[in-house]
Amino acid sequence: RYWRDWSSDVCSSDLALGIWLSLTNSTIGTLGQFIGIENFTTLLQDSIFLQTARNTFVYSFVTVPGKLVLGLGLALLLNQRLPFRNTLRAALLLPWIVPTALSSLAWLLIFDSVLSPFSWLLRQTGMIHSNIAFLGDPTLAMASLCLANVWRGIPFFAVSILAGLQAVPADLHEAAAMDGADNWQRFTTVTFPVIRGIVAITSLFSIIWTFSDFQLIYVLTKGGPANSTHVFGTYAYQIGLNATQIGQGAAIALYMFPFLALFAVILLVFLRGEQ
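Presented here is an overview of the structure given in this document. Note that this is a predicted model, so its numbers are computed, not measured. (Residues numbered from 1 in each chain as written. Predicted model: local features only at pLDDT ≥ 70, side-chain atom pairs only at ≥ 80, totals over all residues. Heavy atoms only, no water.)

1. Points about the overall build of the protein chain
- The number of helices and strands found in the protein chain is 15 helices and zero strands.
- The principal-axis extents of the C-alpha atoms in the protein chain amount to approximately 75 × 55 × 30 Å.
- When the 275 residues of the protein chain are sorted by exposure, 39% land in the buried category.
- A separation of at least 24 residues holds for 67% of the contacts in the protein chain among residues at least 6 apart in sequence.
- A total of about 15200 Å² of accessible surface is found on the protein chain, and carbon and sulfur atoms cover 66% of it.
- Distance between charge centroids for the protein chain: 5 Å, based on 13 positive and 13 negative side chains. (Helix = DSSP H or I, 4+ residues; strand = E, 2+ residues; numbered from the N terminus. Buried < 20%, exposed > 50% of the residue type's maximum accessible area, 1.4 Å probe, protein only. Contact = heavy atoms within 4.5 Å. Areas by Shrake-Rupley, 256 points an atom, 1.4 Å probe, with all protein chains shown as cover. Lys, Arg positive; Asp, Glu negative; His and termini not counted. Charge placed at Lys NZ, Arg CZ, Asp CG, Glu CD.)

2. A few points about the side chain of D213
- With respect to the element layout, D213 can be found in the loop between helix 11 (183-211) and helix 12 (215-220).
- No salt bridge is formed by the buried D213, whose closest oppositely charged neighbour, R152, lies at an N-O distance of 7.0 Å.
- Of note is the side chain of D213, whose polar atom sits 3.4 Å from the side chain of N149. (Salt bridge = Lys/Arg side-chain N within 4 Å of Asp/Glu carboxyl O. Polar contact = N/O pair within 3.5 Å; in protein donor to acceptor, adjacent residues only side chain to side chain.)

3. Remarks on the environment of T244
- Mapped onto the elements of the fold, T244 is located in the loop between helix 13 (232-242) and helix 14 (246-254).
- The class of T244 is partly exposed, set by a relative accessible area of 33%.
- Along the sequence, T244 and S113 sit 131 residues apart, while their C-alpha atoms lie 32 Å from each other.
- T244 has contacts with S26, T27, I28 and I239, leaving out every residue within four places of it along the chain.

4. Quick word on the packing of helix 10 (residues 170-178) against helix 11
- Two numbers describe how helix 10 lies on helix 11: the axes approach to 10 Å, and their chain directions differ by 145°. Crossing of helix 10 against helix 11: the hand is right-handed. Facing L172, H173, A176 and A177 of helix 10, the residues of helix 11 in contact are R186, V190 and T191.
- Residue composition of the contact of helix 10 with helix 11, by class: four nonpolar, two polar and one charged. (Axes fitted to C-alpha atoms, helices over the stretch in contact; angles between N-to-C directions. Left-handed = near helix turned anticlockwise from the far one by under 90°. Nonpolar A, V, L, I, M, F, W, Y, C, P; charged D, E, K, R; others polar.)

5. Examining the packing of aromatic side chains
- Under the counting rule described, the total for this entry stands at 26 aromatic pairs.
- Pairing F57 with F61 gives two aromatic rings, centres 5.9 Å apart and planes at 15°, and the pair type is stacked. Here F61 and F57 lie together in helix 4 (residues 47-78), a separation of four residues that amounts to about one turn.
- The interplanar angle of 70° and the centroid separation of 6.0 Å between the aromatic rings of F118 and F134 together place this pair among those described as edge-to-face. With F118 in helix 8 (residues 117-124) and F134 in the loop between helix 8 and helix 9 (138-165), this pair connects stretches of sequence that are 16 residues apart.
- Cation over ring: R152 sits above W96, and NZ or CZ is 5.8 Å from the ring centre.
- Stacked on the ring of Y218, the Lys or Arg K222 has its end atom at 5.1 Å from the ring centre. (Phe/Tyr/Trp six-rings, centres within 6.5 Å; stacked < 30°, edge-to-face > 60°. Lys NZ or Arg CZ within 6 Å of the ring centre and 35° of its normal.)

6. Re the environment of T234
- Tracing the backbone shows T234 in helix 13.
- With 18 residues separating them in the primary sequence, T234 and I252 have C-alpha atoms 9.7 Å apart.
- Those residues in contact with T234 that sit more than four places away from it in its chain are F214, I217, Y218 and T229.

7. Some details on helix 13
- Taken together, the buried positions of helix 13 are occupied by F232, G233, T234, Y235, A236, I239 and G240.
- Phi for T244, located one or two positions after helix 13, is positive at around 65°.

8. Considering the nonpolar core
- If you look at the biggest cluster of nonpolar residues, it comprises 23 residues, and the most contacted ones within it are L43, F49, F211, F232, I252, Y255 and F263.
- Elements with a minimum of two residues in this core: helix 3 (38-43), helix 4, helix 9, helix 11, helix 13, helix 14 and helix 15 (256-274).
- Apart from the residues lying within four places of it in its own chain, the contact partners of F232 are F49, T52, A53, T56, F211, I252, Y255, M256 and F259.
- A75, L92, A176 and V190 belong to the second largest nonpolar core, which has 15 residues in total. (Core = buried A, V, L, I, M, F, W, Y, C linked by side-chain atoms within 4.5 Å.)

9. Observations concerning the environment of F34
- You can see F34 is positioned in the loop between helix 2 (14-22) and helix 3.
- Residue class for F34 comes out partly exposed when judged on its relative accessible area of 36%.
- In sequence terms F34 and V265 are 231 residues apart; their C-alpha atoms lie 31 Å from each other.

10. Points about unusual backbone geometry
- Between G224 and the following residue, P225, the backbone shows a cis peptide bond with an omega angle of -5°.
- The residue K222 is not glycine, and still its phi comes out positive at about 55°.
- Inspection of the secondary structure assignment puts K222 in the loop between helix 12 and helix 13.
- With a relative accessible area of 48%, K222 lands in the partly exposed category.

Bear in mind that shape data such as this cannot, by itself, settle questions of function.
Shown next as structure tokens:
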């Protein structure tokens, strides 16, 4: 009763409630007893949780560099004087502004084992003779999720970096060109130092969002097949709500915080080194 009264007083926010639940053996509908860090130590012996941690890092550190490189390329392209440049800039935002659940359903159709246009195109070219089960194979399922995540995240990088490119003084480029610098040299010595901070901040935000991704993965695979695409968010949902072990589910979700805090510290050190 003491712990129940104490929890009702201090758990005035979602974060505080999550921390409290992670230290109990609570189930849905039942406020459990305080058990300390037992949930956290138990998870370290759970092979599915360890696989989930690996999946989360693979998913994050494959997609974030992909979004950064492609977003940077598009930003540099759209910073040029192109026909219909404003229209192209507006169209770039479409993957970002479409609701995640809706775009995930579109990707679900694209990767469907029967209706997939990818499979149809490959069959027409004679490269395959039967449809590919993109979401039925562990490796292909993770690759499919990464592709969908990169598509959705490119606009965030492109628009953010494009805004930074507007602040690059044109006279610096002209001076570098007069000194004989080629395009790559002008980018590394003039452009990138100006947008360096924006690239770092957008990368941090993207890591945080990707690390805690849920909707896209849950709609497409629900963590399958054979737990091969579970990340912290989907596994916490499965254990906390589907299996009703809300205390352990909260512990799974909280496991991502030390990593995110580490990324934030690295960013602060990086930005401070610029000054």
